[in-house]
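Next come the chains, spelled out residue by residue.
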Protein chains: 2
Amino acid sequence: MELQDLKVFRKVAETGNISRAAKELGYVQSNVTARIRRLEEELATTLFHRHSRGVTLTSAGRSLEIMPFGSST
Amino acid sequence: MELQDLKVFRKVAETGNISRAAKELGYVQSNVTARIRRLEEELATTLFHRHSRGVTLTSAGRSLEIMPFGSST
DNA sequence: CCATCTTACGGTGCTCGTAAGTATA
DNA sequence: TATACTTACGAGCACCGTAAGATGG
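Residues numbered from 1 in each chain as written. Chains lettered and ligands numbered in written order. Predicted model: local features only at pLDDT ≥ 70, side-chain atom pairs only at ≥ 80, totals over all residues. Heavy atoms only, no water.

S.K.: Can you explain the pattern of salt bridges? Please cite residues and give values.
M.R.: Residues and elements named next belong to chain B. One pass over the structure, following the stated rule, counts nine salt bridges over all chains. Taking the shortest distance from any N to any O, the salt bridge between Asp5 and Arg35 comes out at 2.5 Å. On the criterion of sequence distance, the pair formed by Asp5 in helix H1 (residues 3-15) and Arg35 in helix H3 (residues 29-43) is long-range, its members being 30 residues apart. Looking at Asp5, the relative accessible area reads 13%, which means it is buried. One salt bridge connects Lys11 with Glu24, and the closest N-O pair in it is separated by 3.1 Å. (Salt bridge = Lys/Arg side-chain N within 4 Å of Asp/Glu carboxyl O. Helix = DSSP H or I, 4+ residues; strand = E, 2+ residues; numbered from the N terminus. Buried < 20%, exposed > 50% of the residue type's maximum accessible area, 1.4 Å probe, protein only.)

Encoded structure:
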């Protein structure tokens, strides 16, 4: 897992919305989807529950969210 | 700068030798050369002095060396 | 329909190994 | 000649945007 992965993950967690996270990060939405998917594969877990109004953290996602990296944003 | 860049940088700094760092990291030597070069370009600075017996940190390199990331190795 | 996430596709650049080149002692 | 760093090259994959698809309210 690289720093950029964590930055994207955090923005999605913060907004609860992949589209808005993408806009705020300056990416298109499909890239953020793909990045989150790859991160989930790498960690062999599910970080977000997907529903029609956005996404919410799973318990695994909440664990990652509190990792003490990169908070200098 | 990503975590992997820092990991490679640190191993080179630790050993003072790109070839040995590469071996310890499980890469070929030319890749480590290229990675360090890319990192230097990204940071727009020179991290190592090159000489015929290896490399030594520049003052910029010493600054990066003490960054408080990734020390969990 | 509208908002949102996903999938397909192609371009560009990074990462990696192999191989050859350069330099110093 | 031995040791070390650099450059050239090509394969594979990640990252990025565009575009189209799927789903729920």
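S.K.: Can you lay out helix H1 (residues 3-15) of chain A for me, pointing to particular residues and giving the numbers?
M.R.: Residue and element names in this part refer to chain A. The terminal C-alpha atoms of H1 lie 19 Å apart, and with 13 residues this matches the ideal 18 Å at 1.5 Å per residue to within 8%. Buried residues belonging to H1 abut helix H2 (18-25), helix H3 (29-43), strand S1 (48-51), strand S2 (54-57) and helix H4 (59-65). Looking at the residues trailing H1, positive phi occurs at Gly16, about 65 degrees. (Expected span 1.5 Å × (residues − 1). Contact = heavy atoms within 4.5 Å.)

S.K.: Report on the protein's contact with DNA strand C, specifying residues and quantitative values.
M.R.: Taken together, 19 residues sit near DNA strand C, with Ser19, Gln29 and Arg50 of chain A together with Ser30 and Asn31 of chain B positioned nearest. Sugar and phosphate atoms represent 73% of those atoms of DNA strand C found within 4 Å of the protein. For DNA strand C, a phosphate oxygen lies 2.9 Å from a polar atom in the backbone of Ile18 of chain A. Ser52 of chain B has a polar side-chain atom sitting 3.4 Å from a sugar or linking oxygen of DNA strand C. Of all the secondary-structure elements, those providing two or more residues to the surface near DNA strand C are H2, H3 and S2 of chain A together with H3 of chain B. (Near = heavy atom within 4 Å. Polar contact = N/O pair within 3.5 Å; in protein donor to acceptor, adjacent residues only side chain to side chain.)

S.K.: Explain the relation of the copies chain B and chain A residue by residue, including any values.
M.R.: Between chain B and chain A, the superposition needs a rotation of 179 degrees and an axial shift of 0.1 Å, giving an RMSD of 0.0 Å. Seen this way, the second copy is the image of the first under a two-fold rotation axis. Most of the interface of chain B is mirrored in chain A, where 100% of its interface residues are also at the interface. (Least-squares fit on C-alpha atoms with pLDDT ≥ 70 in both.)

S.K.: Summarise the pairing of strand S2 (residues 54-57) of chain B; cite the residues concerned and give the values.
M.R.: Residues and elements named next belong to chain B. Summarising the sheet, strand S1 (residues 48-51) and S2 pair through four bridges and their orientation is antiparallel. Bridged to His49 within S2 is Thr56. The antiparallel hairpin formed by S1 and S2 contains two residues in its connecting segment. (Pairing = 2+ DSSP bridges.)

S.K.: Break down the interface of chain B and chain A for me, with residues and values.
M.R.: Facing four residues of chain B, the contacting portion of chain A comprises four residues. Interface area for chain B against chain A, summed over the two sides, is near 410 Å², with a carbon-plus-sulfur share of 54%. Taken together, the links from chain B to chain A amount to zero salt bridges. Where chain B meets chain A, there are four residue pairs in polar contact (both at pLDDT 80 or more). Looking at the side of chain B that touches chain A residue by residue, the classes come out as two nonpolar, one polar and one charged. (Buried area = accessible area lost by both parts, 1.4 Å probe. Nonpolar A, V, L, I, M, F, W, Y, C, P; charged D, E, K, R; others polar.)

S.K.: Please give an account of the protein's contact with DNA strand D that cites residues and values.
M.R.: Inspection of the region around DNA strand D gives 19 residues, with Ser30, Asn31 and Arg38 of chain A together with Gln29 and Arg50 of chain B positioned closest. Ser19 of chain B is positioned with one of its side-chain polar atoms (N or O) 2.8 Å from a phosphate oxygen of DNA strand D. For the surface near DNA strand D, the elements supplying multiple residues, two or more each, are H3 of chain A together with helix H2 (18-25), H3 and S2 of chain B. Along the lines of polarity and charge, the residues of the surface near DNA strand D split into four nonpolar, eleven polar and four charged.

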